[in-house]
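Residue-level structure breakdown
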Amino acid sequence: MITGCLTLSAAQPESTRRMVERLANLDIQLDGATTQFFPHIAVPLLEKQLAEAVSDRDRFPLMMPYAQALLNDGQSEAALAQIEEFGSMIGRSGVSLPREQIIQLLELKALTELRIGEQTNCLLHHNADSCLLPLQGGGIHQDQAGSRAAISTLNQILNMAPSPYSAWLLNIAHMTVGEYPQNVPSRWAIPERVFASDYDIKRFPDIAGSLGLAVDDLSGGLVMEDFDRDGWLDLMVSAWGFDGQLRYFHNNGDGSFTELTDTAGLTGLFGGLNMIHGDIDNDGFMDVLVLRGAWLAKDGRFPNSLLRNNGDNTFTDVTEAAGLLEGHSTQTATWFDFNGDGWLDIFIGNESVPGDPEFDACQLFRNNQDGTFTDIAATSGVAIVDWVKGVTSGDFNNDGRPDLYVSSLTGPNRLLRNDGPASPGDLKSDWIFTDVTKTAGVADPQKSFPCWFFDYNNDGWLDLFVTGYSIRNAGDILADLLGSKTAGERARLYRNNGDGTFTDASAEAGLDQILHMMGGNFGDLDNDGWLDFYVGTGDPHLGTIIPNRMFRGHDGTGFQDVTTSGGFGQLQKGHAIAFGDLNHDGAQDVYAVVGGAFSGDHYPNQLFANPGHGNHWIKLQLEGVQSNRPGVGSRIKVVVQTPSVERAIHRVVSSGGSFGATSFRQEIGLGDATAVKRVEIFWPTTGKTQVFTGLALDQEFVIREGSGTPREVSRGSFPWPTGDAAAAHMHHH
């Protein structure tokens, strides 16, 4: 049973207080499959069973699960003691364990020793280099006891049963003590070339600690947006645990951030593995939907939260009044105006085991334009029953109606074409979505997670990216990096052919890889006009020690891995990602939520500061009038003159990936442009295109639908801290 903790803020309106009380009073009975996510519950249960055991033979089957639960709960020293006691118990009893069980025990011992090294270094003495692959500088452990013990245990395992998994961990362990590659046995050494970047993107230092943004918690969601419309991008960060407080950080525009969680009325709003934002009432202030209960199926039937932005750095939970107070297991949703009435609707991808009669179908909530929503999924062909992990919306066939792509962990993905109202001209009638997955050729991978539409080759047609999510262990990542075959699910980059079909361009684009991605988003790191993306990797298992990955778009033909050159290779678990120019210097920074699922697997979030690359840019803030206020779904075409050719750059207004949300303000890199020749805006509700000329390089403009004159925004910028200041450590936990 799980029960929460009631924490209230004096500033909260009654509707928010009711949600805080609901979350505090959750009474969830977990089954065996989901108890694994809550080791603080499993530990006392196993302790009770061990106390009731009458002999060593009765204790044998409980010892390893108990040690694993202790490890997952962050009690690594206690876990190691249990593992050693288990070994002694085996010796006393004369029991002979099968070889496979001995290896499992040794693997758990090595992992526990590695985790002790992480806790006593990367967490206790956290710095900007901590856990960044390849480990160097401040990433080298000062307290090396844990890693050196792990090296000894891993060598023992490799002598008994060689595997890519143990070899990978051995190389990582040697890195932590500054002895890679020279002291790694040649048989197991990973060539340094494996970690080399394809291009030097320049180092993006992690400065979250010096700004008070290194929230130290579990996996969670993220929205980067200008919530109070002062021109500066703020941050809202969540964490999925039952004590994972939702946090709000206001950008002061001077190089500092202020946490306004309590005064914003958010205290006591816990949980939420993901969040997405949109403007439900077209007032220009972005509202937020917090998604809860992911991975837990029927045990995760928690209420989501719809937070209305009051425009004064406060938020009100309006879930109940909006008609969204339900209980389903979910972490993914998308805002889109599916019926073109100028009001944002919501599709929520819920998680159900296919074939289970107690299912939670996906939902499509139509905005009633009065602060309420109506679920019309069942009559619109989108009440999908599946283990849905990612959804994204975009107009893939350029017919003016946004379509849906749904990513599943348990079967083929789905592309749902928006075919309009069942009754022509009636925007409030049932809606028709047609499954065109087979003809479009986008069903794979069969086990997938995040997905998004983006125009990676700048041809004006939305392409599709979706990543696989199935590996045996971290050894599959090593095998893939070395070019060996594995059974892991690979990523897919689908290039839009402009005729309703897609071509799998993964191999030619350099993305036919096992990314094992949990979160991700895209932007333009170097303002060259080609979209890049960052991948947050991992899974709940503490042995899935694999780097987050950054890919740079290259000339519209493919992607270059720039992970190590940019300093992005965080080995801890990666989740929500957002790109945005937080200091208004024209270059997009990257914020990443880091942390795992188990209570002991927390880690500070990161803010990677963009060093700048000298290319030009333009920022466009759209204001819909007949179309939805933030212009979601609007298509932008920027035509620039370069020293050699005229060039077109295409963007669509969205929050980016399906795990983490970037601002709707479009920050568009223009490369070596010498002038902006014209900007074209296609508004989705009216179907009209506005054309603007005379816009300057390196400026921000507000473009209001129907207005003939963009408004130029003048705003200063501030520098990021450098050197020791940037490496300063500060976090919340």
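Every chain is numbered independently, its residues counted from 1 as its sequence is written. Reporting of local features is limited, given that this is a predicted model, to residues whose pLDDT is at least 70; pairs of side-chain atoms are given and counted only at 80 or more, and all residues count toward the totals for whole chains, interfaces and linings. Side-chain metrics in this entry use all non-hydrogen atoms of the structure; hydrogen atoms and water are not considered.

In the nomenclature of an unreviewed UniProt entry, the protein is known as CRTAC1 family protein of Synoicihabitans lomoniglobus.

1. Structural notes on the overall build of the protein
Helix numbering and strand numbering both begin at the N terminus, where a helix is a DSSP run of H or I of at least 4 residues and a strand a DSSP run of E of at least 2. Per the secondary structure count, the protein includes 13 helices and 38 strands. Based on C-alpha atoms, the radius of gyration is set beside the globule rule, defined as 2.2 Å times the residue count to the power 0.38. Relative to its length of 733 residues, the protein is compact, with a C-alpha radius of gyration of 25 Å against a globular reference of 27 Å. Here a residue-residue contact requires only that any non-hydrogen atoms of the pair lie within 4.5 Å. Long-range contacts, defined as pairs at least 24 residues apart, comprise 62% of the intrachain contacts of the protein with a sequence gap of at least 6. Surface accessibility of the protein: about 24800 Å² in total, with carbon and sulfur atoms responsible for 50%. Under this rule, positive means Lys or Arg and negative means Asp or Glu; His and the chain ends count for nothing. One atom stands in for each charge, and that atom is NZ of Lys, CZ of Arg, CG of Asp or CD of Glu. For the protein, the distance from the average position of its 50 positive side-chain charges to the average position of its 92 negative side-chain charges is 3 Å. Methods summary: accessible areas were calculated by the Shrake-Rupley approach with a probe of 1.4 Å, and residue burial reflects only the protein chains presented.

2. Looking at the state of the cysteines
Here, the word disulfide means a covalent bond between the sulfur atoms of two cysteines. Criterion for a disulfide: a pair of cysteine sulfur atoms at a distance within 2.5 Å. Taken as a whole, this structure holds zero disulfides when the rule is applied. Here cysteine 362 stays unpaired: no disulfide links it, and the sulfur of cysteine 451, its closest cysteine neighbor, is 12 Å away.

3. Here's the deal with the side chain of glutamine 331
Within the secondary structure, glutamine 331 sits in strand E10 (residues 330-336). Every residue in contact with glutamine 331, bar those within four places of it in the chain, is listed here: Leu273, Asn274, Leu291, Ala294, Trp295, Gly349, Glu351, Lys389, Phe449 and Phe659.

4. Let's talk about the sheet that holds strand E2 (residues 222-225)
Strands were regarded as paired on the criterion that DSSP finds at least two bridges between them. Taken in spatial order, the four strands of this open sheet run E2-E3-E4-E5, and their pairing is antiparallel. The sheet terminates laterally at E2 and strand E5 (257-259), the two strands that pair on one side only. Each strand axis lies, on average, 15° off the axis of its neighbour in the sheet, ignoring direction. Relative to E5, strand E4 (residues 247-251) runs antiparallel, the two sharing three bridges. Across the sheet, the residue bridging to histidine 250 is threonine 258, located in E5. Inter-axis angles, ranging from 0 to 180 degrees, are taken between N-to-C directions of lines fitted to C-alpha atoms, where helices are fitted over the stretch in contact.

5. Looking at the sheet that holds strand E9 (residues 315-317)
Strand order in this open sheet of four strands is E6-E7-E8-E9, and the pairing throughout is antiparallel. In the strand order of this sheet, the two ends are held by strand E6 (274-278) and E9, each with one partner. Along the sheet, successive strands turn relative to each other by an average axial angle of 25°, direction set aside. Taken strand by strand, helix H1 (residues 14-24) contacts strand E8 (305-309) and E9, and its axis lies near 60° from that of E9.

6. Focus: helix H4 (residues 56-72)
The span one expects for a helix is its residue count, reduced by one, times 1.5 Å. Spanning 17 residues, H4 covers 24 Å between terminal C-alpha atoms, matching the ideal 24 Å at 1.5 Å per step. We define the bend at any residue as the angle between the axes fitted to the seven residues before and including it, ending there, and the seven starting there. Its maximal kink placed at leucine 62, H4 deviates by approximately 40°, while the proline proline 65 follows within four residues. Residues Phe60, Leu62, Met63, Met64, Tyr66, Ala67, Ala69, Leu70, Leu71 and Asn72 constitute the buried set of H4. Next to the buried residues of H4 lie helix H3 (39-52), helix H5 (76-93) and helix H6 (99-123). Immediately downstream of H4, the backbone of glycine 74 shows phi near 90°, a positive value. In this scheme, a residue with accessible area under 20% of its type's maximum is buried, one over 50% is exposed, and one in between is partly exposed, where area comes from a 1.4 Å probe on protein chains only.

7. A few points about the pattern of salt bridges
When a carboxyl oxygen of Asp or Glu lies within 4 Å of a side-chain nitrogen of Lys or Arg, that pair is called a salt bridge. All told, the structure shown has 37 salt bridges when counted by the stated rule. Via salt bridges that share partners, Glu14, Arg18, Arg22 and Glu320 belong to a single interconnected network.

8. Some remarks on the packing of helix H7 (residues 145-160) against helix H8 (residues 164-176)
Following both chains from N to C, one finds H7 and H8 inclined at 155°, their axes separated by 9 Å at the closest point. In terms of orientation, H7 and H8 fall into the roughly antiparallel class. The crossing of H7 and H8 is left-handed. Contacts between H7 and H8 involve Ser147, Ile151, Leu154, Asn155, Ile157 and Leu158 from the former and Ser166, Ala167, Leu169, Leu170, Ala173, His174 and Thr176 from the latter. In this classification, the charged set is Asp, Glu, Lys and Arg, the nonpolar set is Ala, Val, Leu, Ile, Met, Phe, Trp, Tyr, Cys and Pro, and all remaining amino acids, among them Gly, are polar. Of the residues in the contact of H7 with H8, the class split is eight nonpolar, five polar and no charged. For classification, angles of less than 35 degrees are called roughly parallel, those exceeding 145 degrees roughly antiparallel, those between 65 and 115 degrees roughly perpendicular, and all remaining angles oblique. Each helix crossing is assigned a hand: it is left-handed if the near helix lies turned anticlockwise from the far helix by less than a right angle, otherwise right-handed if that turn is clockwise.

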